[in-house]
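Here is what each chain is made of, one letter per residue.
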Amino acid sequence: MDIKNGDNCWFSRRPEEGNEAQWFKERSQQNRKFKYQARQGRKCKMHKGSCNCGAVSFTVEGDLAPPDACHCSQCRKQSGHVWASTDISDDRITINGEDNISWYQASEKVRRGFCKTCGCFLFWDPIHHPRIAVAMGAFDGATGAKLGSHIYVADKGDYYEIADGLPQNEQ
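Calculation rules
- Residues numbered from 1 in each chain as written.
- Predicted model: local features only at pLDDT ≥ 70, side-chain atom pairs only at ≥ 80, totals over all residues.
- Heavy atoms only, no water.
- Helix = DSSP H or I, 4+ residues; strand = E, 2+ residues; numbered from the N terminus.
- Contact = heavy atoms within 4.5 Å.
- Areas by Shrake-Rupley, 256 points an atom, 1.4 Å probe, with all protein chains shown as cover.
- Phe/Tyr/Trp six-rings, centres within 6.5 Å; stacked < 30°, edge-to-face > 60°.
- Buried < 20%, exposed > 50% of the residue type's maximum accessible area, 1.4 Å probe, protein only.
- Lys NZ or Arg CZ within 6 Å of the ring centre and 35° of its normal.
- Core = buried A, V, L, I, M, F, W, Y, C linked by side-chain atoms within 4.5 Å.
- Salt bridge = Lys/Arg side-chain N within 4 Å of Asp/Glu carboxyl O.

Peer 1: What should I look at first to understand the overall build of the chain in this one?
Peer 2: Counting its secondary structure elements, the chain contains one helix and 14 strands. Taking all contacts inside the chain whose residues are at least 6 apart in sequence as the whole, residues at least 24 apart take part in 56%. Accessible area of the chain: about 9800 Å², with a carbon and sulfur share of 46%.

Peer 1: What is the right way to look at the packing of aromatic side chains in this model?
Peer 2: Between two aromatic rings, the relevant description is the distance of the centres plus the angle of the planes. Under the counting rule described, the total for this entry stands at six aromatic pairs. A centroid spacing of 6.0 Å and a plane angle of 70° characterise the contact between F58 and F123, whose relative ring orientation is edge-to-face. In this pair, F58 sits in strand β6 (residues 57-61) while F123 sits in strand β12 (residues 121-126), placing the two residues 65 residues apart along the sequence. Ring centres of F58 and F139 lie 5.1 Å apart, and the angle between their planes is 90°; this geometry places the pair in the edge-to-face category. A residue pair is termed long-range when its members are at least 10 positions apart, and F58 in strand β6 and F139 in the loop between β13 (131-135) and β14 (149-151) qualify at 81 residues. We note that F58, like F139, is buried. Taken together, the ring pairs connect F58, W103, F123 and F139 into an aromatic cluster. Across from the ring centre of W103, 3.7 Å away, lies the NZ or CZ of R111, which sits over that ring. Lying across the ring of Y160, K156 places its NZ or CZ 4.5 Å from the centre.

Peer 1: Whenever I open this one, the nonpolar core confuses me. Can you help?
Peer 2: For soluble globular proteins, the rule of thumb is that nonpolar side chains tend to be buried together. Counting residues in each nonpolar core, the largest one holds 29 residues, and the members touching the most others are V56, F58, I93, F123 and V134. Residue assignment for this core shows that the elements contributing at least two residues are β6, β8 (83-89), β9 (93-96), β10 (101-105), β11 (110-115), β12 and β13.

Peer 1: Hey, could you run me through the environment of S102 in this one?
Peer 2: On the secondary structure map, S102 appears in strand β10. Taking the C-alpha atoms as reference, S102 lies 9.3 Å from T117; in sequence the two are 15 residues apart.

Peer 1: Please explain the pattern of salt bridges as it appears in this structure.
Peer 2: Between side chains of opposite charge, pairing is possible as soon as their charged atoms come close. For the structure shown, the criterion picks out two salt bridges. Residues D87 and R131 are paired through a salt bridge, measuring 3.9 Å at the closest nitrogen-oxygen approach. Residue D87 is located in strand β8, and its partner R131 is located in strand β13; the two are separated by 44 residues in the primary sequence. Of the residues examined, D87 reaches a relative accessible area of 37% and is grouped as partly exposed. The salt bridge partner of R111 is D125, with a shortest N-O separation of 2.7 Å.

This is how it looks when you write it as structure tokens:
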């Protein structure tokens, strides 16, 4: 039985012999698997989020890594300004409503995930890597995360300055 207390949950199930209480959800695109692992007796922070209309939602287990603010031309065009995201390993995220995600192949190595209904830009997926970047603006409520760096600042718009003292990477 899972015991929930606010944003935290405890997994009280005992893993079955040889099963380690792992649940797998087949991902509709690229046959990737998102794994949700129960950690017996360990407290874990759960972060929830969704698109604007709620057709796509997600849950992330554990603390969030410091997000990056991407200033590349693709992120600026798709978000309307800077796109802030945090990288999540595939075994820590559960995505619901995957049939409502439209994937745009942004390059040979990356695809971007949008809600088919409301158009919300949610995911940046480096194909063939066991992680996905999730839009910070899609999380429900406070996350406790603090911006860690700026990336692709060589491509930033000319209408703003970056003056927060965080590391800035040209690419």
